[in-house]
Amino acid sequence: MNLADIKTVESLLRSKGFSFKKSLGQNFLIDGSVCPLMAESFCDENSGVIEIGPGMGVLTAELAKRAKKVVSIELDERLKEILPITLGEFSNVEIIYGDAMKIDIGQIIREKFSDCESVSICANLPYYITSPVIMMLLEQKLPVKFITVMVQKEAAERLCARVGSREAGAVTVAVDYYSKANILFNVGRNSFHPAPNVDSAVIQLEIRDNPPIEVKDERFFFKFVKACFAQRRKTLVNTVSNTMGISKDTLRTALTKVGLSETARSEQLTMEQLATISNTIC
Ligand code: SAM
């Protein structure tokens, strides 16, 4: 079945009385070139893949052709009527119905992928949970190799920005702490059905063995980073003292230690500078 063909997709969905739920971010890919590129970027015959949100299974099928095993987590139980039809030919695919934000993905990795050399995560993510899903996956420190996901283009630029540049935010620091992030390619809005109002991009996070910086207290570091970017127009001294109640003098001294003036903004700071300040004030 050609799931990149809009007529095939529409007729199958119509026959099952399926209507798209905007609230679940249901924009299905109908561009035949995108899913093979996503799958080829990391899959091989010894790898396992966890997919979030298979929809009709268009990406799932390309993953199943290249990986040893695919476990897909889908929230919408109405797809129980469709996925067995679209993925019936693949014996290496399992669908788990549930909320990817609540399911224990660590347990899935332990239980389902012991015969795979590596496990990666792949998804065309629903826009409404892009950053929470990525943060949840990173913070759990799951034993995964790559996270390859399609996200809104602007989110891709923020997630993969250089820490120390204008585009960076707290999420950029977290992504860089846990992984090496790259934008693989852009995907226009017309590659989806129904077409959303925004363009997308596929990003790949290669999970690091160790963080690129040393922080004394990880929890404190991320609290500090969140405070740094809470009020982007303010200086670091003002936003961090307002948000965390740390004295301005302490922050000024810490900034001097990394060679920056008291008027520095958080977006100017590198990972090393953020780590040094956090280690100084924690
Ligand atoms: N992978 C398909 C594709 O590329 O055409 C569908 C992608 S669509 C953007 C997002 C999918 O995620 C939908 O199938 C939606 O039902 C599912 N979804 C939404 N929220 C979810 C959640 N919390 N957990 C798991 N799946 C979810």
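All values derive from a computational prediction rather than experimental measurement. (Residues numbered from 1 in each chain as written. Predicted model: local features only at pLDDT ≥ 70, side-chain atom pairs only at ≥ 80, totals over all residues. Heavy atoms only, no water.)

1. Quick word on the packing of aromatic side chains
Taken as a whole, this structure holds eight aromatic pairs when the rule is applied. Ring geometry for Phe18 versus Phe20: centroids 5.9 Å apart, planes at 90°, classification edge-to-face. Residue Phe18 is classed as buried on the basis of its relative accessible area of 10%. Of the residues examined, Phe20 reaches a relative accessible area of 28% and is grouped as partly exposed. Ring plane angle 75° and centroid distance 5.2 Å describe the contact between Phe20 and Phe28, whose orientation is recorded as edge-to-face. One aromatic cluster is present, built from ring pairs that chain together Tyr177, Tyr178, Phe221 and Phe222. Above the ring of Phe18, the side-chain terminus of Arg78 is found at 4.2 Å from the ring centroid. We note Lys80 situated over the ring of Tyr97; from NZ or CZ to the ring centre the distance is 5.1 Å. (Phe/Tyr/Trp six-rings, centres within 6.5 Å; stacked < 30°, edge-to-face > 60°. Buried < 20%, exposed > 50% of the residue type's maximum accessible area, 1.4 Å probe, protein only. Lys NZ or Arg CZ within 6 Å of the ring centre and 35° of its normal.)

2. Considering the pattern of salt bridges
Summed over all chains, the structure comprises 15 salt bridges. The residue Asp99 makes a salt bridge to Lys102 at a minimum N-O spacing of 3.9 Å. Accessibility expressed as a relative area gives 70% for Lys102, which makes it exposed. Note that Glu267 is salt-bridged to Arg232, the shortest N-O span being 3.8 Å. Residue Glu267 is located in the loop between helix H11 (248–257) and helix H12 (271–281), and its partner Arg232 is located in the loop between helix H9 (218–228) and helix H10 (236–244); the two are separated by 35 residues in the primary sequence. Taking relative accessible area as the criterion, Glu267 reaches 18% and is therefore assigned buried. Arg232 gets classed as partly exposed once you look at its relative accessible area, which sits at 31%. In this structure, a network of salt bridges that share partners links the residues Glu40, Glu62, Lys65 and Arg66. (Salt bridge = Lys/Arg side-chain N within 4 Å of Asp/Glu carboxyl O. Helix = DSSP H or I, 4+ residues; strand = E, 2+ residues; numbered from the N terminus.)

3. Points about the domain arrangement of the protein
Considered domain by domain, the protein is made up of domain 1 (6–207) and domain 2 (218–281). The distance between the C-alpha centroids of domain 1 and domain 2 comes to 34 Å. Across the boundary between the two partners, domain 1 contributes 14 residues, which contact 13 residues of domain 2. Buried surface at the junction of domain 1 and domain 2, summed over both partners, amounts to about 1100 Å²; 62% is from carbon and sulfur atoms. Counting the contacts that link domain 1 with domain 2 gives one salt bridge. Between Glu218 and Lys141 there is a salt bridge whose closest N-O contact spans 2.9 Å. Viewed at the interface, domain 2 and domain 1 are joined by six residue pairs in polar contact (both at pLDDT 80 or more). (Domains from an automatic or database assignment. Contact = heavy atoms within 4.5 Å. Buried area = accessible area lost by both parts, 1.4 Å probe. Polar contact = N/O pair within 3.5 Å; in protein donor to acceptor, adjacent residues only side chain to side chain.)

4. Describing the site of the ligand
Every one of the 22 residues lining the ligand counts as a neighbour, but Leu29, Gly53, Glu74, Asn124 and Tyr128 are closest to it. The contact in question runs from an oxygen atom of the ligand to an N or O atom on the side chain of Glu74, over 2.6 Å. One of the side-chain N or O atoms of Asp99 is found 2.9 Å from a nitrogen atom in the ligand. Calculation on the ligand without its partners gives an accessible area of 600 Å², and the protein chains cover 99% of this total. When its residues are assigned to classes, the shell around the ligand shows 11 nonpolar, seven polar and four charged. (Near = heavy atom within 4 Å. Areas by Shrake-Rupley, 256 points an atom, 1.4 Å probe, with all protein chains shown as cover. Nonpolar A, V, L, I, M, F, W, Y, C, P; charged D, E, K, R; others polar.)

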